[in-house]
Amino acid sequence: RLYTRRIQCTYGWDWVERFVTCGIVRDVYLYCDDLTELEDAYIYTEDIDAYSAQLKMEFRFRAVGHGTWLHMEILDPDGARVYDGRKRIVEKRMYQSVDVPRPRLWYPNGYGEQDLYRIRLEIRKEDGDCPSGGESMKMLSARELAFGIRTIKVLQLQDMPGSAFYEKCIALQEAVSFSQEIMDYEKNTEFFGFVVLVNQVPILCKGANWVPCEPFRFQGNAGKIKHILSLAQKAGLNMLRIWGGGVFEEEILYEECDRLGILVTQDFLMACGSYPCEEAWFREQLEREALFAVKKLRNHACLAWWSGDNENAAGGSDNLEDYEGRRGV
């Protein structure tokens, strides 16, 4: 399994039987290099203050054709237009900043509303009678994305010696309830707090670990995923960790977490093993996989942060020159 970039848990785990399948599961794409085509769009909140929320937008194109324009329209949660702009496509990468006044912010479950904005992106081609990017231009393609206006920050303040938190950490290390196995790993001499801030509000993270809810991957899992997430939201959960032995989940999971206010921490897909990180082909494949996943998921309001793997370098340290998995970073 360590040499195969597929669902790790299908080789058998402590919670699932062995179901090693084969074949194409998700969509197959055909790209044409002679047309202007939007490869990727990234919309994120750079800042929120008393005046507005400032959004940054980044667009990448697979190809750039002559006389093409990008039309950008942002709608608020009620469908009202808050931005309408257009820009000539002259490079494969473009940027745009937008200020949204009186923004309606996205919050985790239990801390506020889960307001979602939408952006509609249209690539249009001018003709002889319409050279200025207007509405009457021929539309080549369109894409619509949902996103939330919010900031997320992980606050890590050091517990200084003599402080109450520092003394609590020392007491926990010395507690008799700590098994010797745990103490073999617990060798910290410095301690830090870990607080998640959403829109500068401290969040009490109440969550669970998510593994694939079915051993086989197919679109028919959508109903089950929605049902489980609905139960999680009603139980007061506001965070899920997507386990590295599974998959980058179906799109419906992230859409529902956006809607329900469930933060997601996403593992990259490695778990409990000595992967061949010294092999160039493996690192190249891993990089391609990671870039694809990050671009696919990063517009979701629910996505809080990424983790490298699950339990691959439990004894590692950034201060070591080498340890298991370091070459894969």
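Residue positions are given per chain, counting from 1 as you read along its sequence in written order. Predicted model: local features are reported for residues with pLDDT of at least 70 only, side-chain atom pairs are reported and counted for 80 or more only, and whole-chain, interface and lining totals are derived from all residues. Just so you know, side-chain values use all the structure's heavy atoms and leave hydrogens and water out.

Peer 1: Is there a simple way to think about empty space enclosed by the protein in this case?
Peer 2: One simple way to see leftover space: roll a probe sized like a water molecule over the atoms. Cavity means a closed set of points on a 1 Å grid over the protein atoms alone, one where a 1.4 Å probe fits but cannot get out, pocket means an open set with protein on both sides within 12 Å along at least 5 of 7 lines, and lining means a residue has an atom within 4 Å of a point. Grid points are joined across faces, edges and corners, and a volume is the space filled by probe spheres set on the points. With the rule as written, the count across this model stands at one cavity of 30 Å³ or more. When its volume is computed, the largest cavity comes out at roughly 40 Å³. Around the largest cavity, the lining residues are Cys9, Thr10, Trp15, Val16, Glu17, Phe19, Pro212, Glu214 and Pro215.

Peer 1: Would you mind going over a nonpolar patch on the surface with me for this structure?
Peer 2: Together, Tyr29, Tyr31 and Phe292 make up an exposed nonpolar region whose accessible area comes to about 360 Å². The numbering of helices and of strands both runs from the N terminus, where a helix is a DSSP run of H or I of at least 4 residues and a strand a run of E of at least 2. Along the chain, Tyr31 turns up in the segment before strand E1 (37-48). A patch consists of residues whose relative accessible area exceeds 30% and which take part in no salt bridge; residues with like charges are grouped when within 9 Å of each other, and nonpolar side chains (Val, Leu, Ile, Met, Phe, Trp, Tyr) when within 5 Å. In these tables, accessible area is a Shrake-Rupley quantity obtained with a 1.4 Å probe, and a residue counts as shielded only by the protein chains included in the view. Should a side-chain nitrogen of Lys or Arg be within 4 Å of a carboxyl oxygen of Asp or Glu, the pair is scored as a salt bridge.

Peer 1: Looking at this structure, how should I read the environment of Phe248?
Peer 2: With respect to the secondary-structure elements, Phe248 resides in the loop between strand E14 (239-242) and helix H4 (251-260). The classification of residues rests on relative accessible area computed with a 1.4 Å probe and restricted to protein chains. Under 20% of the type maximum is buried, over 50% is exposed, and intermediate values are partly exposed. The exposure class of Phe248 is buried, given its relative accessible area of 11%. Phe248 sits 21 residues away from Leu269 along the chain, and the two C-alpha atoms are 7.7 Å apart. Contacts are assigned to residue pairs with any non-hydrogen atoms lying within 4.5 Å of each other. Those residues in contact with Phe248 that lie beyond four places of it in its chain are Arg26, Tyr254, Gln266, Asp267, Phe268, Leu269, Glu289, Ala293, Leu297 and Trp306.

Peer 1: Explain the pattern of salt bridges here, please?
Peer 2: Opposite charge on two side chains permits pairing when their charged atoms draw close. Counted under the stated rule, the structure contains 19 salt bridges. A salt bridge links Glu73 to Arg81; its shortest N-O distance comes to 2.7 Å. Taking the relative accessible area as the measure of exposure, Arg81 reaches 52% and is therefore exposed. When the shortest N-O distance is used, the salt bridge between Glu122 and Arg120 registers 2.7 Å. On the basis of relative accessibility, which here comes to 29%, the residue Arg120 falls in the partly exposed class. Through salt bridges that share partners, Arg118, Arg120, Glu122, Arg124 and Glu144 make up one connected network.

Peer 1: Explain the packing of aromatic side chains here, please?
Peer 2: Given two aromatic rings, their pairing is described by the distance between the two centres and the angle made by the two planes. Here a Phe, Tyr or Trp ring, Trp counted by its six-membered ring, pairs with any other such ring whose centre lies within 6.5 Å, and the pair is stacked when the planes are under 30 degrees apart, edge-to-face when over 60, and tilted otherwise. Under the criterion given, the structure shown has 11 aromatic pairs. The interplanar angle of 25 degrees and the centroid separation of 5.9 Å between the aromatic rings of Tyr117 and Phe147 together place this pair among those described as stacked. Pair noted here: Tyr117 is in strand E6 (residues 117-125) and Phe147 is in strand E7 (residues 138-147), with a separation of 30 residues, a long-range link. An aromatic cluster is built from Tyr3, Tyr275, Trp281 and Phe282, whose rings are joined through pairwise contacts. Whether a charge lies above a ring is judged from NZ of Lys or CZ of Arg, which has to be within 6 Å of the ring centre and within 35 degrees of the ring normal. The ring of Tyr42 has Arg298 sitting right over it, with the charged end atom 4.1 Å from the ring centre.

Peer 1: How do you make sense of the side chain of Glu256 when you look at a structure like this?
Peer 2: On the secondary structure map, Glu256 appears in helix H4. Reaching out from Glu256, the side chain makes a polar contact with the side chain of Arg259 at a distance of 2.7 Å. Within 3.5 Å is the distance limit for a polar contact, defined as a pair of N or O atoms, with the added protein rule that one can donate a hydrogen and the other accept it, and that residues adjacent in sequence qualify only through two side-chain atoms.

Peer 1: How should H4 be read in this particular structure?
Peer 2: Residue pairs three or four apart in sequence face the same way in an α-helix, which turns once every 3.6 residues. With seven of 10 residues buried, H4 lies mostly within the body of the structure. Buried residues of H4: Ile252, Leu253, Tyr254, Glu256, Cys257, Asp258 and Leu260, and no others. Within two residues after H4, Gly261 carries a phi angle of roughly 80 degrees, on the positive side.

Peer 1: So what exactly am I meant to see when it comes to unusual backbone geometry here?
Peer 2: Trans is the prevailing form of peptide bonds, just as negative phi is the prevailing case for residues other than glycine. We note that Asn199 has phi near 55 degrees; this positive angle belongs to a residue other than glycine. Tracing the chain through its elements places Asn199 in the loop between strand E11 (195-198) and strand E12 (201-203). Even without being a glycine, Cys272 presents a positive backbone phi close to 50 degrees. Structurally, the position occupied by Cys272 is in the loop between strand E15 (263-267) and helix H5 (280-297). Taking the relative accessible area as the measure of exposure, Cys272 reaches 31% and is therefore partly exposed.

Peer 1: Please explain the pairing of strand E16 (residues 303-307) as it appears in this structure.
Peer 2: Here E15 pairs with E16 via four bridges, running parallel. Across the sheet, Val264 pairs through a bridge with Leu303, a residue of E16. Throughout, right-handed denotes a crossover for which the path from the first strand over the helix to the second runs clockwise when the strands point away from the viewer. Viewed along the sheet, the connection from E15 through H5 into E16 turns out right-handed. Strands qualify as paired when DSSP identifies two bridges or more between them.

Peer 1: Please explain H5 as it appears in this structure.
Peer 2: Expected span, for any helix, means 1.5 Å times one less than how many residues it has. Under the 1.5 Å per step criterion, the end-to-end length of H5 is 26 Å for 18 residues, consistent within 8% with the ideal 26 Å. For H5, the complete set of buried residues consists of Phe282, Leu286, Glu289, Ala290, Ala293 and Leu297. The arc that holds the buried residues of H5, viewed along the axis, is 100 degrees, so those residues lie on one side. Exposed positions of H5 whose direction lies more than 90 degrees from the buried face are Arg288 and Phe292. The inward-facing, buried residues of H5 abut H4, E15 and E16. The directions from the helix axis to the C-beta atoms form the arc being described.

Note that all results are geometric; they support no functional claim without further evidence.
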